[in-house]
Amino acid sequence: AAPLAGLFRAAAPPVLVAVPAENKKRKRAEEGNKVSEDQSLSVIQEPPVKAKKIRKKERSEAEKKLSERENALEQADEEEDQKLFQNKVKQKKKASQAKSVVNSATGATAKQQKRKRAADEAADRTVFVGNLPVSCTRQVLKSLFKKYGQIQSIRFRSLIPAEDTVSKKVAAIKHKVHPNAKFINAYVVFKEECDAQKALKENGTEIASGFHIRVDTASKTSSHDSKRSVFLGNLPYDIRDDAVREHFHVCGDIVGVRVVRDRSTGLGKGFGYVLFENTDAVHLALKLNNSVLMGRQIRVQRVTDKKKAQKSPEQSRAPKDRNDKKKKEKSCSSNSFVGEKATPLKKSTKPKRLKTTPRNKAGKNK
């Protein structure tokens, strides 16, 4: 009874005491509970992680295939780009080569034009001197032409070397000329063109006994007057220019005589030309046609320009006839063609008999 009564006694006031250690224990217990929960969750979530790994593997294989395809496409694109770049480079090279060829061609043409201009200018300043004796030297020509102006150079041409092995240049320098050669030509180049025009006054001068020189401009623009010229044919091969001059000096004053010769032998080719001062001398020279010169009957004719040569009457008529034919053909084509009318056959007025089959044959056919 005593202990029971003590139970029902008034309770003593509670005493509050701080317990810091219990809080720490609670925190530790809570942390332990969290760890255990995490472990339990990890144990529970293990099977889905494996599924994710399998899915990742499957995805990785598909991704690899896709990446391989993408890489292959990228490589193909890169190859195409490289090909296009190479083609562009080739086209640029071709274009540059074509430009270089064009530039080289234009440069070559420009150089050729410059050379032609220089050659033409030099030709305008150059004088041709023909029918010179073989013994002629540069000093003789200089003494003859120096009074007209300053001379740049003198070149001898139409030399026949004494030996075949020696060139013409060496033969001119060493004066090794064939003994049968009697004529040489030369070119005198002046410093100015007006001096070359003045030097033409020496045309026809007798530089040696039996040698009347022929002086003319070396340019292509020098026109030969065909109205004052005469063509000579059937000339002797070993004829001299002075022999022709002596044969035609009766006709009138002679400006120049040219006998066409072979370059290699120096012999004449059988024809030549004579240029007179007046056209009246041409009429007198034509009278010497079939005259004898050095044992040959020479032929004397007028000189006609090829450009101004008149067409033969047959050639002149031919195009007209063609034009007339063309006109006729056109007129025939435009109008309806009318040929010869055929005579119609006469129709017989007799009536045609009808073919009748005999009775016997008709019965048999039945």
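Residues numbered from 1 in each chain as written. Predicted model: local features only at pLDDT ≥ 70, side-chain atom pairs only at ≥ 80, totals over all residues. Heavy atoms only, no water.

Asker: Explanation requested: the overall build of the chain in the structure shown.
Answerer: Secondary structure summary: the chain contains 9 helices and 12 strands in total. Counting only residues that meet the buried cut, the chain has 21% of its 366 residues in that class. Long-range pairs, those at least 24 residues apart, make up 69% of the contacts in the chain between residues at least 6 apart in sequence. A total of about 30100 Å² of accessible surface is found on the chain, and carbon and sulfur atoms cover 52% of it. (Helix = DSSP H or I, 4+ residues; strand = E, 2+ residues; numbered from the N terminus. Buried < 20%, exposed > 50% of the residue type's maximum accessible area, 1.4 Å probe, protein only. Contact = heavy atoms within 4.5 Å. Areas by Shrake-Rupley, 256 points an atom, 1.4 Å probe, with all protein chains shown as cover.)

Asker: Please clarify how the sheet that holds strand S9 (residues 268–276) should be interpreted in this entry.
Answerer: Hydrogen bonds along the backbone pair up the strands of a sheet, which may run parallel or antiparallel. The sheet built from 4 strands is open, its strands ordered S8-S9-S7-S12 with antiparallel pairing. Strands at the two margins of the open sheet, each flanked by one partner only, are strand S8 (254–261) and strand S12 (299–302). Strand after strand, the sheet turns through a mean of 20° between neighbouring axes, direction not considered. Sheet contacts for helix H6 (residues 241–248): strand S7 (229–233), S8, S9 and S12; angle to S8, the most-contacted strand, approximately 135°. (Pairing = 2+ DSSP bridges. Axes fitted to C-alpha atoms, helices over the stretch in contact; angles between N-to-C directions.)

Asker: For this particular structure, what's the right way to read H6?
Answerer: Because each turn of an α-helix spans 3.6 residues, side chains separated by three or four positions in sequence point in the same direction. The element H6 is extensively covered by neighbouring structure, given that 6 of its 8 residues are classed as buried. Those residues of H6 that sit buried are Asp241, Asp242, Val244, Arg245, His247 and Phe248.

Asker: Would you take a moment to explain the pattern of salt bridges for this structure?
Answerer: Pairing is possible between side chains that carry opposite charge, provided their charged atoms lie close to one another. Evaluation of the coordinates by the stated rule reveals 2 salt bridges. We note a salt bridge from Lys147 to Glu202, for which the minimum N-O separation is 3.2 Å. Remark: Glu202 occurs in the loop between helix H5 (193–198) and strand S4 (206–208) and Lys147 occurs in the loop between helix H3 (138–145) and strand S2 (151–157); sequence separation between them is 55 residues. Using a relative accessible area of 7% as the deciding quantity, one classes Glu202 as buried. The partner of Asp241 in a salt bridge is Arg261, with the nearest N and O atoms 3.3 Å apart. One end of the pair, Asp241, is in helix H6; the other, Arg261, is in strand S8, with 20 residues separating them in the sequence. Classification of Asp241 by relative accessible area gives buried; the value is 9%. (Salt bridge = Lys/Arg side-chain N within 4 Å of Asp/Glu carboxyl O.)

Asker: Looking at this structure, how should I read empty space enclosed by the protein?
Answerer: Regions of empty space are outlined by a rolling probe, equal in size to a water molecule, passed over the atoms. Counting across every chain of the model gives 1 cavity of 30 Å³ or more. What the largest cavity holds in volume is close to 60 Å³. Around the largest cavity, the lining residues are Val134, Cys136, Phe156, Leu159, Ala171, Ala172, His175, Val177 and Ile184. Classifying every residue of the lining of the largest cavity gives 8 nonpolar, 1 polar and no charged. (1 Å grid on protein atoms, 1.4 Å probe; cavity = no way out; pocket = protein on both sides within 12 Å on 5 of 7 lines; lining within 4 Å. Points joined across faces, edges and corners; volume = space filled by probe spheres on them. Nonpolar A, V, L, I, M, F, W, Y, C, P; charged D, E, K, R; others polar.)

Asker: I tried to follow the packing of aromatic side chains on my own but got confused; where do I start?
Answerer: Under the defined criterion, the tally for this structure stands at 5 aromatic pairs. When the ring of Phe145 is compared with that of Phe190, the centres are 6.4 Å apart and the planes differ by 75°; the resulting orientation is edge-to-face. Taken together, the positions of Phe145 in helix H3 and Phe190 in strand S3 (residues 183–190) put the pair 45 residues apart, joining distant regions of the chain. Ring geometry for Phe231 and Tyr273: centres 5.6 Å apart, planes at 65°, overall edge-to-face. Placement of Phe231 in strand S7 and of Tyr273 in strand S9 is noted, with a sequence separation of 42 residues between them. You can call Phe231 buried: its relative accessible area is 17%. Stacked on the ring of Phe183, the Lys or Arg Arg261 has its end atom at 4.3 Å from the ring centre. (Phe/Tyr/Trp six-rings, centres within 6.5 Å; stacked < 30°, edge-to-face > 60°. Lys NZ or Arg CZ within 6 Å of the ring centre and 35° of its normal.)

Asker: Is there a simple way to explain the nonpolar core in this structure?
Answerer: Nonpolar side chains in soluble globular proteins tend to be buried together. Grouped together as the largest cluster of nonpolar side chains are 23 residues, with contacts concentrated most on Leu132, Leu141, Phe145, Phe156 and Phe190. Counting residues per element, the ones that place at least two in this core are strand S1 (126–133), H3, S2 and S3. No other element matches S3, which puts 4 residues into this core. Sequence-distant contacts of Phe156, that is, excluding residues within four places in its chain, are made with Cys136, Thr137, Arg138, Leu141, Ile184, Asn185 and Ala186. Membership of the second largest hydrophobic core comes to 18 residues, among which are Val244, Cys251, Leu293 and Val300. (Core = buried A, V, L, I, M, F, W, Y, C linked by side-chain atoms within 4.5 Å.)

Asker: I'm lost on the sheet that holds strand S6 (residues 214–217) in this one. Help?
Answerer: A sheet is described by the order of its strands in space; here 4 strands give the open sequence S2-S3-S1-S6, paired in antiparallel fashion. Two strands lie at the open edges of the sheet, namely S2 and S6, each paired on one side alone. In this sheet, neighbouring strand axes are inclined to one another by 20° on average, regardless of whether the strands run parallel or antiparallel. Where S2 and S3 come together, 6 bridges link them in antiparallel fashion. Following the sheet pairing, Ile154 is matched in S3 by Val188.

Asker: Quick question: what am I supposed to make of a positive patch on the surface here?
Answerer: Together, Lys111, Lys114, Arg115 and Arg117 make up a positively charged patch on the protein surface. Along the chain, the position of Arg115 falls in helix H2 (residues 20–124). (Patch = residues over 30% accessible without salt bridge, like charges linked within 9 Å, V, L, I, M, F, W, Y side chains within 5 Å. Lys, Arg positive; Asp, Glu negative; His and termini not counted. Charge placed at Lys NZ, Arg CZ, Asp CG, Glu CD.)

Asker: Which parts of the structure should I look at to understand H3?
Answerer: Of the positions making up H3, those classed as buried are Leu141, Leu144 and Phe145. Relative to the axis of H3, the buried residues are bounded by an arc of 80° and lie together on one face. Elements in contact with the buried residues of H3: S1, S2, S3, S4 and S6. (Arc of directions from axis to C-beta.)

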